[in-house]
There are 2 protein chains.
Amino acid sequence: MFVPSQLSLSLDNDSHHPLHVQIYFGIRDAILSGRIAPQTKLPSTRALAEMWSVSRSTVVLAFENLTAEGYLQSQMGSGTFTCELQPDRFLRVDGKLPTKKDLPPKDRRPIELSKRGQQMLGQYQMRRQLVDQPHPFRPGVSALETFPIAIWRRLTSRRWRSMSSSSLVQNEPFGFRPLREEIARHLRVSRDVHCEADQVVVVSSTQHALALIAQVLIDPGDPVWIEDPGYLRAQFSLSAAGATLIPVPIDAEGFNLEAARRANPNARLAYVTPSHQYPLGAVMSLSRRLEMLEWANRENGCIIEDDYISEYRYAGRPSTALQGLDELGRVLYLGTFSKVFSPALRLGYLVLPPSLLEAFQAERSLVDRGPSYFDQAVLSDFLKEGYFDQHIRKMRTLYSDRRQTLQNAIKANLEGFMEIGANDAGMHVLGWLPPGISDVSVTTLLAEHGIMAPPLSHYCLRPHERGALLLGFTGYAEERLVRTVELMSDILRQEYPSRFGQAGE
Amino acid sequence: MFVPSQLSLSLDNDSHHPLHVQIYFGIRDAILSGRIAPQTKLPSTRALAEMWSVSRSTVVLAFENLTAEGYLQSQMGSGTFTCELQPDRFLRVDGKLPTKKDLPPKDRRPIELSKRGQQMLGQYQMRRQLVDQPHPFRPGVSALETFPIAIWRRLTSRRWRSMSSSSLVQNEPFGFRPLREEIARHLRVSRDVHCEADQVVVVSSTQHALALIAQVLIDPGDPVWIEDPGYLRAQFSLSAAGATLIPVPIDAEGFNLEAARRANPNARLAYVTPSHQYPLGAVMSLSRRLEMLEWANRENGCIIEDDYISEYRYAGRPSTALQGLDELGRVLYLGTFSKVFSPALRLGYLVLPPSLLEAFQAERSLVDRGPSYFDQAVLSDFLKEGYFDQHIRKMRTLYSDRRQTLQNAIKANLEGFMEIGANDAGMHVLGWLPPGISDVSVTTLLAEHGIMAPPLSHYCLRPHERGALLLGFTGYAEERLVRTVELMSDILRQEYPSRFGQAGE
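Residues numbered from 1 in each chain as written. Chains lettered and ligands numbered in written order. Predicted model: local features only at pLDDT ≥ 70, side-chain atom pairs only at ≥ 80, totals over all residues. Heavy atoms only, no water.

Turning next to the packing of aromatic side chains. Residue and element names in this part refer to chain A. Summed over all chains, the structure comprises 38 aromatic pairs over all chains. Measuring from ring centre to ring centre gives 5.4 Å for Phe 337 and Tyr 349, while their planes differ by 65 degrees; the resulting arrangement is edge-to-face. Residue Phe 337 is found in the loop between strand S9 (331–336) and strand S10 (348–351), and its partner Tyr 349 is found in strand S10; the two are separated by twelve residues along the sequence. With a centroid separation of 5.7 Å and 40 degrees between ring planes, the pair formed by Phe 382 and Tyr 387 is classed as tilted. By relative accessible area, which is 16% here, Tyr 387 ends up buried. (Phe/Tyr/Trp six-rings, centres within 6.5 Å; stacked < 30°, edge-to-face > 60°. Helix = DSSP H or I, 4+ residues; strand = E, 2+ residues; numbered from the N terminus. Buried < 20%, exposed > 50% of the residue type's maximum accessible area, 1.4 Å probe, protein only.)

Here the focus is the environment of B:Phe255. Residues and elements named next belong to chain B. Looking at the element boundaries, Phe 255 is found in strand S6 (residues 254–255). In this structure the C-alpha to C-alpha distance between Phe 255 and Val 54, which are 201 residues apart in sequence, comes to 72 Å. The residues touching Phe 255, leaving out its near neighbours within four places in the chain, are Trp 225, Glu 227, Val 248, Pro 249, Ile 250, Ala 260, Ala 270, Tyr 271, Val 272, Met 284, Arg 288 and Met 292. (Contact = heavy atoms within 4.5 Å.)

Moving on, we come to helix H16 (residues 478–495) of chain B. Residues and elements named next belong to chain B. In a regular helix each residue adds 1.5 Å, so 18 residues correspond to 26 Å; H16 covers 26 Å between its end C-alpha atoms and thus fits that length. When we look at burial in H16, the residues that qualify are Leu 481, Thr 484, Val 485, Met 488, Ser 489, Ile 491 and Leu 492. Where H16 is buried, its residues touch helix H14 (387–414), helix H15 (439–448) and strand S13 (468–472). (Expected span 1.5 Å × (residues − 1).)

Time to look at the sheet that holds strand S12 (residues 428–432) of chain B. Strand order in the open sheet made by the three strands is S11-S12-S13 (chain B), with antiparallel pairing throughout. Looking at strand neighbours, the two that pair on one side only are strand S11 (419–420) and S13 of chain B, the edges of this open sheet. (Pairing = 2+ DSSP bridges.)

Attention now moves to empty space enclosed by the protein. Using the criterion set out here, one finds seven cavities of 30 Å³ or more in the structure. In this structure, the largest cavity occupies an estimated 590 Å³ of space. Surrounding the largest cavity, 36 residues form its lining, A:His208, A:Ala211, A:Asp368, B:His208 and B:Asp368 being those nearest its centre. The set of elements that each furnish at least two residues to the lining of the largest cavity consists of helix H8 (206–217), helix H9 (232–240) and helix H12 (357–367) of chain A together with helix H8 (206–217), helix H9 (232–240) and helix H12 (357–367) of chain B. Within the lining of the largest cavity, the residues separate by chemical class into twelve nonpolar, 14 polar and ten charged. By volume, the second largest cavity is sized at about 100 Å³. (1 Å grid on protein atoms, 1.4 Å probe; cavity = no way out; pocket = protein on both sides within 12 Å on 5 of 7 lines; lining within 4 Å. Points joined across faces, edges and corners; volume = space filled by probe spheres on them. Nonpolar A, V, L, I, M, F, W, Y, C, P; charged D, E, K, R; others polar.)

Residue and element names in this part refer to chain A. Burial within strand S8 (residues 302–306) is extensive, with five of its five residues counted as buried. Burial along S8 is two-sided: Cys 302, Ile 304 and Asp 306 facing one way and Ile 303 and Glu 305 facing the other are all buried. Bridging between strand S7 (residues 269–272) and S8 involves four bridges; their strand directions are parallel. Counterpart to Leu 269 in the pairing with S8 is Cys 302.

Residues and elements named next belong to chain A. The end-to-end C-alpha distance of H8 is 16 Å, a good match for the 16 Å that twelve residues give at a rise of 1.5 Å each. Across the twelve residues of H8, eleven count as buried, placing the element largely inside the fold. Residues Thr 206, Gln 207, His 208, Ala 209, Leu 210, Leu 212, Ile 213, Ala 214, Gln 215, Val 216 and Leu 217 constitute the buried set of H8.

Here we come to the pairing of strand S4 (residues 223–228) of chain A. Residue and element names in this part refer to chain A. Among the six residues of S4, six are classified as buried, and the element is accordingly described as predominantly covered. Both faces of S4 are covered, namely the face carrying Pro 223, Trp 225 and Glu 227 and the face carrying Val 224, Ile 226 and Asp 228. Pairing of S4 with strand S5 (residues 244–251), which is carried by six bridges, proceeds in the parallel orientation. Note on S5: the bridge partner recorded for Asp 228 is Pro 249. In this view, the connection linking S4 to its parallel neighbour S5 by way of H9 has right-handed handedness. Both S4 and S7 contribute to a ladder of two bridges, which runs parallel. Considered in S7, the bridge of Ile 226 is made with Tyr 271. (Right-handed = clockwise from strand over helix to strand, strands pointing away.)

In this section: the relation of the copies chain A and chain B. Note on the copies: chain A fits chain B at an RMSD of 0.1 Å, the axial shift is 0.0 Å, and the rotation between them is 180 degrees. The relationship between the two copies is best expressed as a two-fold rotation axis. The share of interface residues of chain A whose copies in chain B are also at the interface is 100%, consistent with both copies meeting through the same surface. (Least-squares fit on C-alpha atoms with pLDDT ≥ 70 in both.)

At the junction of the two partners, chain A supplies 120 residues and chain B supplies 120 residues. Note on chain A versus chain B: buried area summed over both sides is about 11,100 Å², and carbon and sulfur give 56% of it. Sorting the residues of chain A by area buried against chain B places A:Ile111, A:Trp160 and A:Leu366 first, and these three jointly supply 7% of that buried surface. Across the pair A:Lys115 and B:Asp219 runs a salt bridge whose closest N-O atoms are separated by 3.9 Å. (Buried area = accessible area lost by both parts, 1.4 Å probe. Salt bridge = Lys/Arg side-chain N within 4 Å of Asp/Glu carboxyl O.)

All right, on to the confidence of the model for chain A then. All names here are of chain A. Looking at chain A as a whole, the pLDDT averages 86, with 90% of positions reaching at least 70. Element-level pLDDT for chain A is lowest in helix H4 (residues 87–90), with a mean of 40, against a maximum mean of 98 in S7. Scoring of the predicted complex yields 0.84 for pTM and 0.81 for ipTM. (pLDDT = per-residue confidence, 0-100.)

Residue and element names in this part refer to chain A. Two elements in contact, helix H15 (residues 439–448) and helix H16 (residues 478–495), have axes whose closest approach is 10 Å; the angle formed by their N-to-C orientations is 120 degrees. Taken as axis vectors, H15 and H16 run oblique relative to one another. Note that H15 runs across H16; the crossing there is right-handed. Contacts from Val 442, Leu 445 and Leu 446 in H15 reach Met 488, Ile 491, Leu 492 and Glu 495 in H16. Looking at the contact of H15 with H16, its residues break down into six nonpolar, no polar and one charged. (Axes fitted to C-alpha atoms, helices over the stretch in contact; angles between N-to-C directions. Parallel < 35°, antiparallel > 145°, perpendicular 65-115°, else oblique. Left-handed = near helix turned anticlockwise from the far one by under 90°.)

Under the criterion given, the structure shown has zero disulfides over all chains. Free cysteine A:Cys195: the closest other cysteine sulfur is in A:Cys302, separated by 17 Å. (Disulfide = S-S within 2.5 Å.)

What follows is the structure, given as structure tokens:
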């Protein structure tokens, strides 16, 4: 029979350990030392709480831990009993109760970040202002007001009406099969990509695709050629995945392969944006494309083709995809739906060469399962029923108008100061600054007035000779673009009056 | 005036290059060499197709590439013209037309995988059979038939009815704020986790959370303590992210900290499953928990607490989270909704110590944006309106029954051969085999008869002394479990007749 005095605990309100922890150790010690025999019925938590002058919930908490660990057992209707201890199980617990230890040190040293963690933090602190604000001219922002909410809602309800528990089974590591079929069809028709649904992997974003690729194809420290200037998130993803980035300059034909070979002949992976180099806008020439493929074939290399913005060419048909010229399976082709709809929809795709299917199946099955099934199902209907093509056409007109308005406003207000590149694609206009003026200072100056215009320098791994601003136009109504250009012009005329000489009064 | 003879091309049907590429180079060469002057009107694609005896679409394709690259310009209603070339832009194109080069080699060497890619492929090939098949006793499979489709459908429609374009803006890097508030509330109430919504990061899965953590806290090659045996996907994720895994044995109190220190005293990150060690089921004792925290405080370490299965304890209340004891912010706490609902819903969470918030904001903003907004919105309503708690209670009863049935069937059919551990939580039962019998051989034998029962060895980084099978019960109806145990018993009695002596006839 259990006698409460066997559990006379000296509880200490000032102890480092909370009361329930002290009670836990007190009872456990009594059990382990044999002071309380197995199968002994304990007093109620209420009685113990009174005896120890603590709240009942404190005792309950201690009991719960002891029960979870097998010291106590609660028997419905008859109370709580000590358990028969299995000696082999509990033998090694004895004699090292941490109550006998010194208190752990209480100093709060910061948790150390990894080198890559520190690098990301630094990049973020430098760019936060530019990353977080949805003001003009932040680039890459979709015209969210055009998101086809009514259609999407209807397709969503329809999908859910026909949803059964068997449709929740996800055993396709590359994603929802009907969506992959629609993506393959779309890419064959509109981008001349050679692919079947089997080769299509549904991903949540370009960064997601790059992380997957990096894990399968490179080891930490391996060199990867990357466009400079280039897409920041691609740089971050590849370097976070362990790649050593080798910056490669861009010329009029796009990625400069000769310079790449000089910079590091050992790279076996190249990241390129041939349709519309980000952010300069160069279209990779056909001859350069063929050279790239020849390099890949000769040197056993792979090319990541990020066709991020193929949908937004405003004049003529976009050049066909590099992937479509690849006869030996050396190109991994990426695209995203975030730019077309909204980043709220986290869906994109990766088209693999057939020889890599099994390795990526392994990766997807073991360490990654891909994005939400529900969104994939709705998007597949959206593509299949032609809404996607409709939406693209509508957006293309809207963006083309916004781009024209922005260009006209810049010409009208900033002639002689800012020069506009001749791109006819993409989601931003590149505004070149007069030689000698730092784009970073201009960006900082404009940010003080609430205008967001990232400097080209932020996209460069090595210094770029002439400064420019990235002026996104897709997410902002025309009158807002005009107003913001006028404000920008006022600010710049005040700061750099001498540079407006030519076009001035 | 343009004379067609200036474009007399010698097209070669047997060339390595397709006809449209040969035409592209022919015209480009004529323009670059000055044989065709700028502003020259070209014949129609139809006329050229006839002249060269190729299909019109071949000429169109060549024209499109030339237009995209700025050599040709199409003027609405009046035809296609050569462009004024900007010398600086095209200067460097001359003289290196790849038509004059040797053909690239056509041998098809396999693309080389990275070491980690090869490792994943090997793991996958070894386990594919076990990963892909949804047969009993595959562990970790939810009872999909219980997914609350009707409620989910209703919440989805309601969300979409009130959806506006402004709700598509995603500027919270950690995820949809109302969902994060619900998760924080749920964890405070049911798991004694100390957290506010600010600390909650919505992720798509545990693997996703581990990849995020690894990037911020470790560099490639850094040692990380990991439970052995342990959760396979955690091993894969951490090692794919560059960690050097240090296997740490499990004893009756869980993760053996002393052995961990002996194995590698330099590790600063530990991955543990204290509530119910996966797959052995040990509950980490309170004293071990306190030792772990003391280690973290003293040595500037971090603990990843994966509370993957806290919801599925069938007797008593689950032990409280290790995170709840952490006063100095050393624990990163993980959980998932995939186990409760279905992997089709890709949602889970990571609770950060306050000191790491900024570093993870940097990572999420720069290289990762998190899962679908739409699912997050619906899940937040599901939690807020109490459906989640209801669902958990229902599932707990269902799983508890299935578990009891499985255990009874094993006792009735395999007494003396298979011994069952005493866990009262989780999604599988551990069936220990007689000493000397290899669990891998038993798994292979059962697989031949369509029964899927992964061997404990597959979860071990170093050899384990006694073999066992993981027998998942959550995804299968009771009669199916009984039938499968009976079949398993027949197979094993035939293969190992002498081992059934005791309980035999």
